[in-house]
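A closer look at the structure
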Amino acid sequence: MAFVADGADVADAAQIGEGSKIWHLAQVRENARIGANCIVGRGAYIGPGVVLGDNCKVQNHALVYEPAALADGVFIGPAVVLTNDTYPRAVNPDGTLKSASDWDPVGVTIAEGAAIGARAVCVAPVRIGAWATVAAGAVVTKDVPDHALVAGVPARRIGWVGRSGAPLSQDGDEWVCPQTGQRYAETDGALSLIG
């Protein structure tokens, strides 16, 4: 069964997977789908229709706005923001308050195993590749390749990471994970597992 802490606000139309935990002051909006064994931390926000795969962690006070889609095993650090508006405004050009019908939400897509560090901001629409790591405080404005380590404002690739999250070391024409020993090849700015 899923666990929902007292003080969490989970919409009746949200789907919470087996073994998932929603902590105090978290808000999970209508039609959000949270997979099995996920953790949604204190004060986190999961917008309407957002999809989380299995085994995801959304840390305290992170804001995951619709229509974000997170694959299995994604880590969202404390106070991360996944945006959803290319040209944000509170009002229309005529001064009237914008309503839901006055804009088209765009989302952040995060592939399997990727990690977004504390207080990072991903400016939609962007895709974060599988097993990539976004450093704490980074502002992502462009797609991030699989296994990339990005940092800065705006975020730029500063290295590669393996599935363990550890930075890879270069060994001739290959990249090696110091924790698992897995080897990777880099071709045209993309990394792929060897073997």
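Nothing here was measured: the structure is a model prediction, and the numbers come from that model.

Further remarks concern the sheet that holds strand β24 (residues 174–176). Here 4 strands make up an open sheet; going across it, the order is β23-β24-β25-β26 and the pairing antiparallel. At either end of the open sheet lies a strand with only one pairing partner, and these are β23 (169–171) and β26 (190–193). Averaged over all adjacent pairs, the angle separating strand axes in this sheet is 40 degrees, with direction ignored. Relative to strand β25 (residues 183–187), β24 is paired through 3 bridges, and the arrangement is antiparallel. Across the sheet, the residue bridging to tryptophan 175 is tyrosine 184, located in β25.

Moving on: unusual backbone geometry. Cis geometry marks the peptide bond from alanine 124 to proline 125; its omega dihedral reads 0 degrees. Relative to the elements of secondary structure, proline 125 occurs in the loop between β17 (121–122) and β18 (126–128). With omega at -5 degrees, the peptide bond leading from valine 153 into proline 154 counts as cis. Mapped onto the elements of the fold, proline 154 is located in the loop between β21 (148–151) and β22 (156–160). In this structure, arginine 119 takes a positive phi of about 60 degrees despite not being glycine. Within the secondary structure, arginine 119 sits in the loop between β16 (115–116) and β17. Using a relative accessible area of 63% as the deciding quantity, one classes arginine 119 as exposed.

Our next topic: the sheet that holds strand β13 (residues 75–76). Spatial ordering of the open sheet is given by β1-β4-β7-β10-β13-β16-β19-β21-β22, a layout of 9 strands whose pairing is mixed. Edge positions in the open sheet fall to β1 (3–4) and β22, since each of these has one partner strand only.

Taken as a whole, this structure holds 5 salt bridges when the rule is applied. Two residues, arginine 157 and glutamate 186, come together in a salt bridge whose shortest N-O distance is 3.9 Å. In this pair, arginine 157 is assigned in strand β22 and glutamate 186 in strand β25, connecting sequence segments 29 residues apart. Judged by its relative accessible area of 40%, arginine 157 falls in the partly exposed class. The exposure class assigned to glutamate 186 is partly exposed, which follows from its relative accessible area of 32%. Arginine 183 is the salt-bridge partner of glutamate 174, the closest N and O atoms lying 2.5 Å from each other.

Another aspect to go through is the layout of surface pockets. One number sums up the size of the largest pocket: a volume of about 150 Å³. In this structure, the largest pocket is lined by Val140, Thr141, Lys142, Asp143, Val144, Pro145, Val150, Pro154, Ala155, Arg156 and Arg157. Of the residues belonging to the lining of the largest pocket, the class tally is 6 nonpolar, 1 polar and 4 charged.

Quick notes on the rules
Residues numbered from 1 in each chain as written. Predicted model: local features only at pLDDT ≥ 70, side-chain atom pairs only at ≥ 80, totals over all residues. Heavy atoms only, no water. Pairing = 2+ DSSP bridges. Helix = DSSP H or I, 4+ residues; strand = E, 2+ residues; numbered from the N terminus. Axes fitted to C-alpha atoms, helices over the stretch in contact; angles between N-to-C directions. Buried < 20%, exposed > 50% of the residue type's maximum accessible area, 1.4 Å probe, protein only. Salt bridge = Lys/Arg side-chain N within 4 Å of Asp/Glu carboxyl O. 1 Å grid on protein atoms, 1.4 Å probe; cavity = no way out; pocket = protein on both sides within 12 Å on 5 of 7 lines; lining within 4 Å. Points joined across faces, edges and corners; volume = space filled by probe spheres on them. Nonpolar A, V, L, I, M, F, W, Y, C, P; charged D, E, K, R; others polar.

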